[in-house]
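Chains, contacts and geometry: an overview
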Amino acid sequence: MTENATPSATLAAFAAGLQFDAIPAAVLRRTEDLFLDWFASALAGKGARPVEAIESYARAMGPADGSAEVLISRRMTSPHFAAMVNAAASHYAEQDDVHNGSVFHPAAVVFPAALAVAQELGASGREFLTAVVAGYEVGIRVGEFLGRSHYRIFHTTATAGTLAAAAAAGRLLGLDAATMLHAFGSAGTQAAGLWEFLRDAADSKQLHTAHAASCGLASAYLARAGLTGARQILEGPQGMAAGMSSDADPARLTDRLGTRWATAETSFKYHASCRHTHPSADALLSLMQTYGLKADDIESVTTLVHQGAIDVLGRVTVPSTVHQAKFSMGTVLGLVAEYGYAGLNEFEQHFLAPRVAAFRDRVRMVLDPEVDG
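This section reports on the structure supplied with the text.

Basis of the calculations
- Residues numbered from 1 in each chain as written.
- Predicted model: local features only at pLDDT ≥ 70, side-chain atom pairs only at ≥ 80, totals over all residues.
- Heavy atoms only, no water.
- Helix = DSSP H or I, 4+ residues; strand = E, 2+ residues; numbered from the N terminus.
- Contact = heavy atoms within 4.5 Å.
- Areas by Shrake-Rupley, 256 points an atom, 1.4 Å probe, with all protein chains shown as cover.
- Lys, Arg positive; Asp, Glu negative; His and termini not counted.
- Charge placed at Lys NZ, Arg CZ, Asp CG, Glu CD.
- Buried < 20%, exposed > 50% of the residue type's maximum accessible area, 1.4 Å probe, protein only.
- Polar contact = N/O pair within 3.5 Å; in protein donor to acceptor, adjacent residues only side chain to side chain.
- Core = buried A, V, L, I, M, F, W, Y, C linked by side-chain atoms within 4.5 Å.
- Expected span 1.5 Å × (residues − 1).

Our focus in this paragraph is the overall build of the chain. Counting secondary structure elements, the chain contains 18 helices and four strands. Long-range pairs, those at least 24 residues apart, make up 77% of the contacts in the chain with a sequence separation of at least 6. Summing over all exposed atoms, the chain offers an accessible surface of approximately 14,900 Å²; the carbon and sulfur share of this is 53%. A distance of 2 Å separates the average location of the 28 positive side-chain charges in the chain from that of its 37 negative side-chain charges.

Written out as structure tokens, the structure reads:
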């Protein structure tokens, strides 16, 4: 790329040109672990009502046979619909991976798109891993670029995730830098996903990842077919940042490309809940273990949190569904206090239990400048 290339063009060139041998061995091993974690998360979505609804749609609209596998049913269909269902399934149990700095869940959108395309092409493991790393690196940087103001309203996994999926699919398709940039343009103009669903306990979170993965995949295939997209969809005057952010920083799009491997910064979830609850849950559990406390010994809990936690978790006061309970700080801490863990079974069986609900009402969140910084 030339020295005056735009950030979007530089990022697209990186994704298109990434080579397996350029990726450090430790990053590749981490990617393999991320794949295993994602695979289990996808299988954990089997039977969930919103996931099955999306699978029902895919059965009705997609081919009855094809080159890509829907993991929860083991049926084959087209890459587009396989990516759609697998992405929905992998974001249901709330144990898929997360990158803290971008507040982005890469696995739920990158792996479904990459696996579907790799299956269609008969790609090698090396090609698959390279594409996945390209998707993670792109998606994380787009999430960081869009910033905190974006996350307050938009579900970053849905928005940045669309470009991440396009990068992974495009790398497997062998798109050159210019064509990858067109894929980014088509992905970005379709990126969407709003947090309002949490207030109603709606099913949109699974739709968000389903759309991001399948839309990103489609954008890569369309670019290969010659469809053009905006070349500055991210930082342009009427691009994503202009409409979706007030603190966007274009420098984050190209931050140490090829030397800083953001993929390796991605972490796993211990509790089956929104990651914003985890520090408080771990701190509470540690205090209870250290001092031999029981739930009844605790009069109240004040959690010191960052603004992002308040923006997302503050929408849920009394959860009405298991999934909404995963975004309730009080419910998560109530489960931890009563059972020592906020896992899949604890949520399914006890999220509305009277003792958990009573503990929930004794929890409050407070913005802490140090944590927020």
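That shown, we press on.
Attention now moves to the side chain of Ser267. One can find Ser267 in the loop between helix H11 (240–244) and helix H12 (278–291). Given a relative accessible area of 15%, Ser267 falls into the buried group. Within polar-contact distance, the side chain of Ser267 engages the side chain of Arg275 at 3.0 Å. The residues contacting Ser267, other than those within four sequence positions of it, are Arg30, Asp97, Val98, Asn100 and Arg275.

Let us now look at helix H15 (residues 329–339). Taken across its 11 residues, H15 has nine buried, putting it largely inside the fold. The positive-phi residue at the C-terminal boundary of H15 is Gly340, with phi of around 75°.

Phe184 and Leu234 are the most contacted members of the largest nonpolar core, which has 87 residues in total. Sorting elements by how many residues they give to this core places helix H6 (residues 125–153) first, with 12 residues. Other than its neighbours up to four places away in sequence, Phe184 contacts Ser8, Leu11, Ala12, Ala15, Val138, Leu163, Ala167 and Ile233. Grouped together as the second largest cluster of nonpolar side chains are 34 residues, Tyr151, Trp195, Leu333 and Val356 included.

This next bit is on unusual backbone geometry. Phi at Arg74 is positive, roughly 65°, even though this residue is not glycine. One non-glycine residue, Glu94, lies in the positive phi region at around 65°. Look at Glu94 and you get buried, because its relative accessible area is 1%.

Now for helix H5 (residues 107–121). With 15 residues, H5 extends 20 Å between its outermost C-alpha atoms, agreeing within 8% with the 21 Å of an ideal straight helix rising 1.5 Å per residue. Of all 15 residues making up H5, 12 are buried, and the element is well covered by its neighbours. Those residues of H5 that sit buried are Ala107, Ala108, Val109, Val110, Phe111, Pro112, Ala113, Ala114, Leu115, Ala116, Val117 and Ala118. Downstream of H5 by one or two residues, Gly122 has phi in the positive range, about 70°.

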